[in-house]
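Results of the structural survey
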Amino acid sequence: MNIPKLQVQSTKAQIGLNIQKAVQQIEQPKANLDLQQPKAIQTMETTQPTLSIDTEQARADLDLMSSSRRTAEVADYGRQTALEGIARRAQEGNELMRIENGGNPIASQAMQWGRQPYSSLSIQFIPSQGSVKESFQPGSVDIRVEPQQVINNTTSNKPIHTYTPGKVTVEMLQKPSITIDWLV
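Residues numbered from 1 in each chain as written. Predicted model: local features only at pLDDT ≥ 70, side-chain atom pairs only at ≥ 80, totals over all residues. Heavy atoms only, no water.

1. Some remarks on the overall build of the protein chain
Of regular secondary structure, the protein chain possesses 3 helices and 12 strands. What you see for the protein chain is a C-alpha radius of gyration of 65 Å, clearly larger than the 16 Å of a compact globule of 184 residues, by over 25%. On the principal axes, the C-alpha backbone points of the protein chain span a range of 210 × 45 × 20 Å. In the protein chain, which comprises 184 residues, the proportion classed as buried is 5%. Across the protein chain, the fraction of contacts at a sequence separation of at least 24, relative to all contacts at a separation of at least 6, is 92%. Distance from the positive charge centre (18 side chains) to the negative charge centre (18 side chains) of the protein chain: 19 Å. (Helix = DSSP H or I, 4+ residues; strand = E, 2+ residues; numbered from the N terminus. Rg over C-alpha atoms; globule rule 2.2 N^0.38 Å. Buried < 20%, exposed > 50% of the residue type's maximum accessible area, 1.4 Å probe, protein only. Contact = heavy atoms within 4.5 Å. Lys, Arg positive; Asp, Glu negative; His and termini not counted. Charge placed at Lys NZ, Arg CZ, Asp CG, Glu CD.)

In structure tokens, the structure reads:
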């Protein structure tokens, strides 16, 4: 017995894709830099220190006096010596005037003034302690700094952007088909 058969043949459809990729370019130009920093304004005020050293007494102790001090000292010494001489002569005159009271004023005066007085031997430190006088006033420094602002004239550049969109094209590489056949 022959049974009829159904025979089916089909061909699948095939499509092809042509893809053109998208192209994107981004370029960032460098910024135009224009920075300026003005110098800071600086002011300084100083007070000078003072040092005062007075060596007048130390120099006098070493017998190195100024001419004005030496003149004053000699004048004082001369005046004092003259006054002592006047007083001594007045006293001696009074003693001689009263010779009748007894004693021998001439011999006692001769003995008193006929000998040279003994000088003492002693250690003396020259110049004397504390003869140099000093005074010091410290100085000062006042510094003021006034900073200046930065001058910024920098400009940025926009990016350069180019874009080509992609494309996809579809084509039919193989068309679908179906054939049906009866076999008896």
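After presenting the structure, the write-up continues.
2. Some thoughts on a nonpolar patch on the surface
A contiguous nonpolar surface patch, about 710 Å² in accessible area, is contributed by L6, V8, I178, I180, W182 and V184. Secondary structure elements with two or more residues in the nonpolar patch: β1 (5-11) and β12 (177-183). Counting residues per element, the nonpolar patch draws most heavily on β12, which supplies 3 residues. You can call V184 exposed: its relative accessible area is 81%. (Patch = residues over 30% accessible without salt bridge, like charges linked within 9 Å, V, L, I, M, F, W, Y side chains within 5 Å. Areas by Shrake-Rupley, 256 points an atom, 1.4 Å probe, with all protein chains shown as cover. Salt bridge = Lys/Arg side-chain N within 4 Å of Asp/Glu carboxyl O.)

3. With respect to the pattern of salt bridges
Enumeration over the complete set of coordinates arrives at 4 salt bridges. With a closest N to O distance of 3.2 Å, E45 and R144 form a salt bridge. Residue E45 is located in strand β5 (residues 41-47), and its partner R144 is located in strand β8 (residues 140-146); the two are separated by 99 residues in the primary sequence. For E45, a relative accessible area of 47% corresponds to the partly exposed category. The salt bridge partner of R88 is E92, with a shortest N-O separation of 3.4 Å. Of this pair, R88 and E92 both sit in helix α2 (residues 67-97), 4 residues apart, which is roughly one turn of the helix. Residue R88 is classed as partly exposed on the basis of its relative accessible area, which comes to 25%. The network of salt bridges with common partners includes E45, D142 and R144.

4. Some remarks on the packing of α2 against helix α3 (residues 105-114)
For the pair α2 and α3, the least separation of the axes is 9 Å and the interaxial angle reads 150°. Here α2 is positioned roughly antiparallel relative to α3, judged by the angle of their axes. In this structure, α2 crosses over α3, and the sense of that crossing is right-handed. Residues R88, E92, E95 and L96 of α2 form the contact with α3, whose own contacting residues are P105, I106, Q109 and W113. Residue composition of the contact of α2 with α3, by class: 4 nonpolar, 1 polar and 3 charged. (Axes fitted to C-alpha atoms, helices over the stretch in contact; angles between N-to-C directions. Parallel < 35°, antiparallel > 145°, perpendicular 65-115°, else oblique. Left-handed = near helix turned anticlockwise from the far one by under 90°. Nonpolar A, V, L, I, M, F, W, Y, C, P; charged D, E, K, R; others polar.)

5. A closer look at the side chain of E92
Using a relative accessible area of 16% as the deciding quantity, one classes E92 as buried. Residues in contact with E92, not counting those within four places in the same chain, are Q109 and W113.

6. Here's the deal with the environment of Q14
Mapping Q14 onto the fold places it in strand β2 (residues 14-20). When its relative accessible area of 42% is taken as the criterion, Q14 is described as partly exposed. Linking Q14 and V150, residues 136 residues apart in sequence, is a C-alpha distance of 69 Å. Sequence-distant contacts of Q14, that is, excluding residues within four places in its chain, are made with E171, M172, L173 and Q174.

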